[in-house]
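Tertiary structure, described
Here is how the chains run, residue by residue.
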Amino acid sequence: MPGSSPRNLLDVDTFSKSDPGGWQSRAGGMTWHRHGTARQPGSAPLSAVVVLFVQVSGSSEWKEFGRTEVIDNTLNPDFVRKFVLDYYFEEKQNLRFDVSPGSHRVLFGAQDFLGQAFVALGEVIGSQRGRLERPLTGVPGKRCGTILLLAEELSNCRDIVTMQLCANKLDKKDFFGKSDPFLVFYRSNEDGTFTICHKTEVVKNTLNPVWQPFTIPVRALCNGDYDRTVKIDVYDWDRDGSHDFIGEFATSYRELSRAQSQFTVYEVGWWVKVRAGCPPRGTDPPLCLQVLNPRKKCKKKKYVNSGTVTLLSFSVESEFTFVDYIRGGTQLNFTVAIDFTASNGLPSQPTSLHYASPYQLSAYALALKAVGEIIQDYDSDKLFPAYGFGAKVPPDGKISHQFPLNNNVENPSCAGIEGVLESYLQSLRTVQLYGPTNFAPVINQVAGTAAQVTDGSQYHVLLIITDGVISDMLQTKEAIVTASSLPMSIIIVGVGPAEFEAMEELDGDEVRLSSRGRYAERDIVQFVPFRDYVDDSGNQVLSMARLAKDVLAEIPEQLLSYMKTRDIKPRQADPE
C-alpha cells in the first residue's frame, strides 16, 4: 500500500524536531499517498499533522475530509493513514492539504501553521507515475517545503461487467408501430443525484426486445460500492430526440450479480398521483387531475406497470483501467474548435452568444473552461491547438473553417486554457463572423494528427462549440466514421436557443453512426446543449461543473475501447 511523507518541514520549536502528518487516499478505485517537504533553518515543531480538505463542487466552501496520524520529532515523516476518495475523471476535484502542529499543540493556530498546498485530484493522477510534488505555502516570508502526492488504483475497480438484458410486454408508444426500446443506466451519487453511465442500442419495432451483451466497468456502474443504487430507465426511441418514457426500475450491483446463477426479472413502471376519476381516460402517459387543476390535491399514488426486464446473463472479469493507461504515460491532447459564424450575433452586442460582459463570461468561454480545465490535468505540456471556423479572416477576407486562434498557422497551440481564452477573445476583434457551419475540416485536421501516433501513448480530445445546425452533415459523418478508428474523441457543445436535432445523430449512443455504408468502429461523439446545464441562480461555476460532468463522462470508456480494439496494453511505469 502506498504511504505519505512530508520532508524538511518548517522549524518552529526551540528544543525538538517537527513532527508532520501525512496521508494516503483512495479515489474511485484510486489509492494514494502523499509526501511533503519543507525546510527552514533552526529547530522544529514538537509534532505535526496533515489535514485534507475537499472543495464543495460549484462553491468556494472547503470541508474537512480527514487527517493523518501525528508523527513526532522528524522533519521527514512517513505517514501510514490513508484517505479514501471517489475519483471522477469528469469532475474538477479540488483538494487542500494543511500542515499544522499536532499532539498537545492547538491545531491551526496562526503562529504554528506550517503551510498548505492546493491541487486537483486529476493533476496527481495525470502526473508521471501518479506522483506530484507541490510546494507548501501560506507562511509569509518563509519557505515551508514541499509535499509529494501519489495515487494508486484499487484492485476492485479493475472489474469489468458483461451483461445482457431483454424485456417482455413493454408499453406500445408508437402510433403506427410498436416501440423502439432502449435502456439508460444511472449511477447514484452521494448527494442523491444520478449520473448516466451507459445506454444500450435501440431495438426497433418490438415490445419484447433482446439487447446485445455489453460491458461496463464496475467503477462506472457503482464506483466500487456494491450496494449503491443503480437506476435503469426504459425509453421508446424517437428520431427527434424526444424519447418516450416507458418506465423504470432500481437495483444494485450486488443484486445484479445474482444473475450469475439465475435469471433476475424486474418489473418496469412508474408512479402517478391519483384521486377519484384520475387519471382521465385517453391520456398517454396518464395525467393526474392535479396537473389539469392544481388546486385539487392528490393524496394517493398509483403504480403503473409497463412490462418487465429480465437480466439474462452477468459475468465479471478484471481488465486494464483508464488510470492504468494514464499512469503508463498516455497523454490526453486537447484541441478546441469555436464557431465564428454570423448567426452568433455581433460580439459587441449583449444579445450575441460571443458577448462577454465585465461580470460574466460568454457561453463559449464557459464551455471552454468547463472542459479544458479538467482535461489539462492530463496533458503534460499544457499546449492546446485552438481553431475557429465559419469566419472571414485577414488579410484577404477569405472564409476559413480551421483558422488558428493565435494567428500562427505553423504552431496553433496556445499556452494553457487561459492562453486559449486570450486568443479566442483576440480573434473576435480581428475576424468577420460569417458562415457556413462546417465541422468536417477541423475533425479531419485532428484526425490527421491522431493518425500519426496510434501506439496508445497519445489520445486526442476535440471540443467543438457551436450555435447552430451543421451545414456539411454528410462530410461530417464521413469524417467521424473515419476518426472512429483513431485514438480520439469528439465533444460537441451546443450554445444558444437553436434546435440541435441533427447533433443527436452524430452522438451514436443509441444508433451507431454510419456513412456511405460504413459504420463507426466506436462511439466517439458526445453532444450536449449547454442550456440544459445553466444554473437558475446564475452560478457560472456550478453551470460549468454540471456541463463537464456530462460531456467528459464517456472519455475514459472511449479511450479504453480504442486500446482494447487495438490490443494495446498500458506501459509499465518506470521504477521509482
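Residues numbered from 1 in each chain as written. Predicted model: local features only at pLDDT ≥ 70, side-chain atom pairs only at ≥ 80, totals over all residues. Heavy atoms only, no water.

By the naming in an unreviewed UniProt entry, the protein chain goes by CPNE9 protein and is assigned to Picathartes gymnocephalus. UniProt, in the comment section headed Sequence similarities (unreviewed entry), describes the protein chain in these words: "Belongs to the copine family." (UniProt positions renumbered as here; feature names shortened; annotations may be inferred.)

On to the sheet that holds strand S21 (residues 391-393), then. Judged by pairing direction, the sheet is antiparallel, and its three strands sit side by side in the order S22-S21-S25 without closing on themselves. Both edges of this open sheet fall to strand S22 (398-400) and strand S25 (432-433), since each of them pairs with a single strand only. As paired elements, S21 and S22 share three bridges and run antiparallel to each other. Looking at S22, one finds that Ala 391 is bridged to Ser 400. (Pairing = 2+ DSSP bridges. Helix = DSSP H or I, 4+ residues; strand = E, 2+ residues; numbered from the N terminus.)

Turning our eyes to something else, we now look at helix H9 (residues 473-483). Counting buried positions along H9 gives eight out of 11 residues, so the element sits mostly inside the fold. Along H9, the positions that sit buried rather than exposed are Met 473, Thr 476, Lys 477, Glu 478, Ala 479, Ile 480, Val 481 and Ala 483. In the core, the buried residues of H9 are packed alongside helix H8 (440-450), strand S27 (488-494), helix H10 (501-506), strand S28 (514-515), strand S29 (518-519) and strand S30 (525-529). (Buried < 20%, exposed > 50% of the residue type's maximum accessible area, 1.4 Å probe, protein only. Contact = heavy atoms within 4.5 Å.)

In helix packing, the relevant descriptors are the interaxial angle and the interaxial distance, both defined with respect to the helix axes. Between helix H6 (residues 363-375) and helix H11 (residues 540-551), the least distance of the axes is 9 Å, while the angle of their chain directions is 60 degrees. Judged on the interaxial angle alone, H11 and H6 are oblique. Where H6 crosses over H11, the two elements pack in a sense that is right-handed. Counting all contacts with H6, which are made through Leu 366, Ala 367, Lys 369, Ala 370, Val 371 and Ile 374, the residues of H11 involved are Gln 540, Met 544, Leu 547, Ala 548 and Val 551. Residues belonging to the contact of H6 with H11 are distributed by class as follows: nine nonpolar, one polar and one charged. (Axes fitted to C-alpha atoms, helices over the stretch in contact; angles between N-to-C directions. Parallel < 35°, antiparallel > 145°, perpendicular 65-115°, else oblique. Left-handed = near helix turned anticlockwise from the far one by under 90°. Nonpolar A, V, L, I, M, F, W, Y, C, P; charged D, E, K, R; others polar.)

Inspection of the sheet shows strand S12 (residues 181-188) paired to strand S13 (residues 194-199) by five bridges, in the antiparallel sense. Bridging across to S13, Val 184 finds its partner in Lys 199. Joining the antiparallel neighbours S12 and S13 is a turn of five residues, in which Gly 192 adopts a positive phi near 90 degrees.

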